[in-house]
Amino acid sequence: MPPLDRPAGPAPAGPAPAGPALAGPALAGPTPTGPAPDVVRAWRPAVPGVAEVLHAAWHEHAYPAHTHDTWTVLIVDRGLIGYGLDGHEHAARRTGVTVLPPGVVHDGRSVTATGFRKRVVYLEPTVLDDALVGRAVDAPLVPDDALRARFAGLDRALTVREDVAAESLLALVTEGLAWHLTGRPTPPREPPSASTARRARDLLDADPTRPVRLAEVAAELDVTVPHLVRAFTRELGLPPHRYLVGRRLDLARRRLLAGEPAADVAAATGFHDQAHLTRHFRRLLRTTPGRYQRG
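Residues numbered from 1 in each chain as written. Predicted model: local features only at pLDDT ≥ 70, side-chain atom pairs only at ≥ 80, totals over all residues. Heavy atoms only, no water.

Q: Got a minute to help me understand the environment of Thr 269 in this structure?
A: Secondary-structure assignment places Thr 269 in the loop between α8 (262–268) and α9 (274–285). Ignoring any residue separated from it by four or fewer positions in sequence, one finds Thr 269 in contact with Thr 209, Arg 248, Leu 251, Ala 252 and Arg 255. In this structure the side chain of Thr 269 is engaged in a polar contact, spanning 2.7 Å, whose partner is the backbone oxygen of Val 265. (Helix = DSSP H or I, 4+ residues; strand = E, 2+ residues; numbered from the N terminus. Contact = heavy atoms within 4.5 Å. Polar contact = N/O pair within 3.5 Å; in protein donor to acceptor, adjacent residues only side chain to side chain.)

Q: In this structure, what is going on with the pattern of salt bridges? I would like to understand it.
A: Pairing is possible between side chains of opposite charge, provided their charged atoms come close. Taken as a whole and assessed by the stated rule, the structure comprises eleven salt bridges. Here Arg 148 makes a salt bridge to Asp 77, at a shortest N to O gap of 3.8 Å. Here Asp 77 lies in strand β5 (residues 71–78) and Arg 148 lies in helix α2 (residues 145–159), a separation of 71 residues in the sequence. Of the two residues, Arg 148 and Asp 77, neither departs from the other in class, the shared state being buried. Arg 255 is the partner of Glu 260 in a salt bridge, and the nearest nitrogen-oxygen pair spans 3.1 Å. Assessed through its relative accessible area of 26%, Glu 260 is described here as partly exposed. For Arg 255, a relative accessible area of 32% corresponds to the partly exposed category. Each of the salt bridges in this network shares a partner with another, and the network as a whole consists of Asp 77, Arg 119, Arg 148 and Asp 155. (Salt bridge = Lys/Arg side-chain N within 4 Å of Asp/Glu carboxyl O. Buried < 20%, exposed > 50% of the residue type's maximum accessible area, 1.4 Å probe, protein only.)

Q: Help me out: how do you make sense of the sheet that holds strand β9 (residues 106–110) in this one?
A: Sheets are built from strands that pair by backbone hydrogen bonding, the pairs being arranged parallel or antiparallel. What the four strands build is an open sheet, ordered β4-β9-β6-β7; its pairing is antiparallel. Edge strands, defined here as strands with exactly one partner in the open sheet, are β4 (62–66) and β7 (88–92). This sheet shows a mean twist of 20 degrees between the axes of neighbouring strands, independent of strand direction. Where strand β6 (residues 81–85) and β9 come together, three bridges link them in antiparallel fashion. (Pairing = 2+ DSSP bridges. Axes fitted to C-alpha atoms, helices over the stretch in contact; angles between N-to-C directions.)

Q: How do you make sense of the nonpolar core when you look at a structure like this?
A: One recurring pattern in soluble globular proteins: nonpolar side chains tend to sit buried together. With 27 residues, the main nonpolar core has Val 50, Val 99, Phe 151, Leu 154, Leu 158 and Leu 177 as its most contacted residues. Where this core is concerned, the elements lending two or more residues are β3 (50–58), β5, β8 (97–100), β10 (116–123), α2 and α3 (163–181). Element by element, the count of residues in this core is highest for α3, at seven residues. What Val 50 contacts, discounting residues up to four positions off in sequence, is Arg 44, Pro 45, Val 121, Tyr 122, Leu 123, Glu 124, Leu 158 and Leu 170. (Core = buried A, V, L, I, M, F, W, Y, C linked by side-chain atoms within 4.5 Å.)

Q: Mind showing me how you'd approach the packing of aromatic side chains here?
A: Centre-to-centre distance and the angle between the planes together describe a pair of aromatic rings. According to the stated counting rule, one finds four aromatic pairs in the structure shown. With centroids separated by 6.0 Å and ring planes inclined at 55 degrees, the aromatic side chains of Trp 58 and Tyr 63 adopt a geometry described as tilted. Here Trp 58 and Tyr 63 have matching classes, each one buried. Relative to Tyr 292, the ring of Phe 281 has its centre 5.1 Å away and its plane inclined at 70 degrees; by these criteria the two rings are edge-to-face. With a gap of eleven residues between them, Phe 281 in helix α9 and Tyr 292 in helix α10 (residues 289–294) connect regions that are remote in the sequence. (Phe/Tyr/Trp six-rings, centres within 6.5 Å; stacked < 30°, edge-to-face > 60°.)

Take a look at the structure:
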């Protein structure tokens, strides 16, 4: 898999903001009186290329043959899923990443008595090349632990609405999937990292509070998003989304010390809301914006 100098995923911090729809209790282990209840949680994030995110835990469930108009990319956290894909039997395991192409019939069922728990990201059909459909049908399980860790980071970023982090990780995950499905070719030579990182930093510094799409930054620099993330991380020691959060926190601290209300500061400095600002504030300073402001 093409290398990345450092992981680009956000570290878990604080409670996730409300947003995803939840059906049933939160994911949990077995209760003293029996197995954990079934859980289905789904939402559509505001990240281009992602059609839906699904978290599911089923004790006894078999879903019938069906198709999706999206790429289905998933990891299994517990149990073992047996499924038929285009007339052949496969298993989704707790190792690697499973990728199912759009338009291909598949079903699914639990193979173990305790059921299974999975996390799924449904990708728009244009995110991966149509030429990869046949490869995915033949070998839907990608046995790559680093890719699995990146996918888990993507899922976490989507869950807590860290959209720039999710865009970074989505680019790296889809690049990794395509690399495996095309036979793991030698990666092409990339432009120099230093100039890419410097120019990207200048673009982010021009207005750290504005909504950012890394695809737009990469297009302006005439590079791919994966190269942008790798170059930025290699030269500056942290990925673009973490750099951007740091710049926004600097601006937020100045406004808080000037006496502005925390909710207004969050809106003015590029955070979703006050809870989003507070989560990052606690990560950096282990305090809340209100306590910081009161001194």
